[in-house]
Amino acid sequence: MTLRMRSWLFAPGDSEKKMTKAADSAADIALLDLEDSVAPENKPTARELVRDMIASREDKARIWVRVNPLSGGETERDLDAIVPSGPGGIFLPKAEGGHDVATLDAMLSEREEKAGLEPGSTRVAALVTETAAAMFTTGTYDGAPRLAAMSWGAEDLSSELGAQEQRGADGEYSHVYEMARSLCLLGAVKAQVAPIETVQPEFRDLDALRARALRVRRQGFRGMLAIHPAQIEPINSAFTPSEDELAHARAVVQLFADNPGAGTLALDGNMLDRPHLALAQRILAEAGE
């Protein structure tokens with residue numbers, strides 16, 4: 001069964017209550033965090049709590065863990081603690097190219113073997129725009145082992161830049177962050193993995209969240225990160241093809257099936273070509289058809 005990746009809900013690894021709430025939610029992926037939401041002095045305890053949470057679940061495939069970045073010296077301790085419990089995947093922050101995913105792959109392979117887990121069973125997603133250096137390597141993830149998704153982030157990039165604001169008066173991201181979003185999208189499509197939109201910090205404004213999720217889905221994103229359980233329903237809804245979309249996609253696929261060899265066809269007053277067929281097929285695949 002293919003794991004859906006519409007919604008990824010963060011929960012701090014040092015809060016058993018919040019992790020349980022995330023794991024029991026309708027999020028496609030519960031993302032237990034060992035990085036930014038956990039203070040340095042709490043990381044050893046958080047590792048134990050995350051390990052126990054994963055071990056207690058039957059739905060391990062959708063329980064992922066954001067570990068600490070490779071540059072910080074904590075990643076191996078994170079993996080030593082959690083991999084034996086069999087998480088569905090690892091979320092790698094501050095990735096700076098496909099070589100970082102390869103490094104993580106080697107770490108995971110060693111620990112999977114020790115734990116008697118199926119080789120390669122732990123998947124990987126990467127946050128690919130959190131440093132200035134990372135912005136120049138978003139196109140290097142082709143063939144990265146285990147990689148299933150790529151996402152982007154504004155907070156850490158903003159901190160490194162010394163920027164005092166990320167958005168303009170209209171609430172939209174300024175140029176550098178829109179570029180980060182675009183580079184993530186392009187890099188993920190180039191690597192043939194799922195591009196995932198970053199979080200919306202204003203977790204109470206669900207109308208704005210829904211509008212943004214619908215907009216980035218139309219741009220090509222396949223899912224979105226979340227920081228509060230209330231954000232899951234709008235995200236899941238936005239990234240689920242509507243009945244009208246499905247009906248149109250079925251009609252496009254049928255039209256080309258009825259006219260084999262045709263390069264261009266007309267439907268409802270619009271001219272369609274092969275890229276329209278590919279898009280229709282992708283929409284149906286998202287719905288499991």
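The following refers to the structure shown. (Residues numbered from 1 in each chain as written. Predicted model: local features only at pLDDT ≥ 70, side-chain atom pairs only at ≥ 80, totals over all residues. Heavy atoms only, no water.)

Once that is clear, we can look at the overall build of the protein. A count of helical and extended segments in the protein gives 11 helices and 10 strands. A compact globule built from 289 residues would reach a C-alpha radius of gyration of about 19 Å, and the protein, at 20 Å, matches this within 12%. In terms of overall dimensions, the protein has C-alpha extents of about 65 × 50 × 35 Å along its principal axes. Evaluated residue by residue, the protein yields a buried proportion of 49% over its 289 residues. Considering only residue pairs separated by 6 or more positions, the protein has 68% of its internal contacts joining residues 24 or more positions apart. (Helix = DSSP H or I, 4+ residues; strand = E, 2+ residues; numbered from the N terminus. Rg over C-alpha atoms; globule rule 2.2 N^0.38 Å. Buried < 20%, exposed > 50% of the residue type's maximum accessible area, 1.4 Å probe, protein only. Contact = heavy atoms within 4.5 Å.)

All right, on to unusual backbone geometry then. For residues that are not glycine, phi is negative in most cases, and the peptide bond is trans in most cases. Positive phi values are uncommon outside glycine, yet Gln192 reaches one of about 60 degrees. As for its placement among the helices and strands, Gln192 is situated in the loop between α7 (175-191) and β7 (194-197). Not every positive phi belongs to a glycine, and Asp268 is a case in point at roughly 55 degrees. Summarising the element assignment, Asp268 is placed in the loop between β9 (264-267) and β10 (270-273).

Moving on, we come to the pairing of strand β8 (residues 223-226). Where burial is concerned, the two faces of β8 agree: the one with Gly223 and Leu225 and the one with Met224 and Ala226 are both buried. Bridge count for strand β1 (residues 7-12) against β8 is 3 bridges, and the pairing is parallel. Across the sheet, Ser7 pairs through a bridge with Met224, a residue of β8. Relative to β8, β7 is paired through 2 bridges, and the arrangement is parallel. Paired with Glu197 across the two strands is Met224, which belongs to β8. The β-α-β motif built from β7, the intervening helix α8 (residues 206-219) and the parallel element β8 has right-handed crossover chirality. (Pairing = 2+ DSSP bridges. Right-handed = clockwise from strand over helix to strand, strands pointing away.)

Attention now goes to the packing of aromatic side chains. Aromatic ring pairs: the centre-centre distance and the angle between the two ring planes describe each pair. Counted under the stated rule, the structure contains 5 aromatic pairs. With 5.2 Å between their ring centres and 75 degrees between their planes, Trp8 and Trp64 make a pair best called edge-to-face. Of this pair, Trp8 sits in strand β1 while Trp64 is found in strand β3 (residues 63-66), placing the two residues 56 residues apart along the sequence. For Trp8, a relative accessible area of 0% puts it in the buried group. With a centroid separation of 5.7 Å and 40 degrees between ring planes, the pair formed by Trp8 and Phe91 is classed as tilted. Of this pair, Trp8 sits in strand β1 while Phe91 is found in strand β4 (residues 89-92), placing the two residues 83 residues apart along the sequence. Residues Trp8 and Phe91 agree in their burial class; the two are buried. In textbook terms, an aromatic cluster arises when at least three aromatic residues are bridged by ring pairs, as seen for Trp8, Phe10, Trp64 and Phe91. Between Arg167 and the ring centre of Tyr173, over which it is positioned, the NZ or CZ distance is 4.6 Å. (Phe/Tyr/Trp six-rings, centres within 6.5 Å; stacked < 30°, edge-to-face > 60°. Lys NZ or Arg CZ within 6 Å of the ring centre and 35° of its normal.)

Take it as geometry only, folks, not as evidence of what the structure does.
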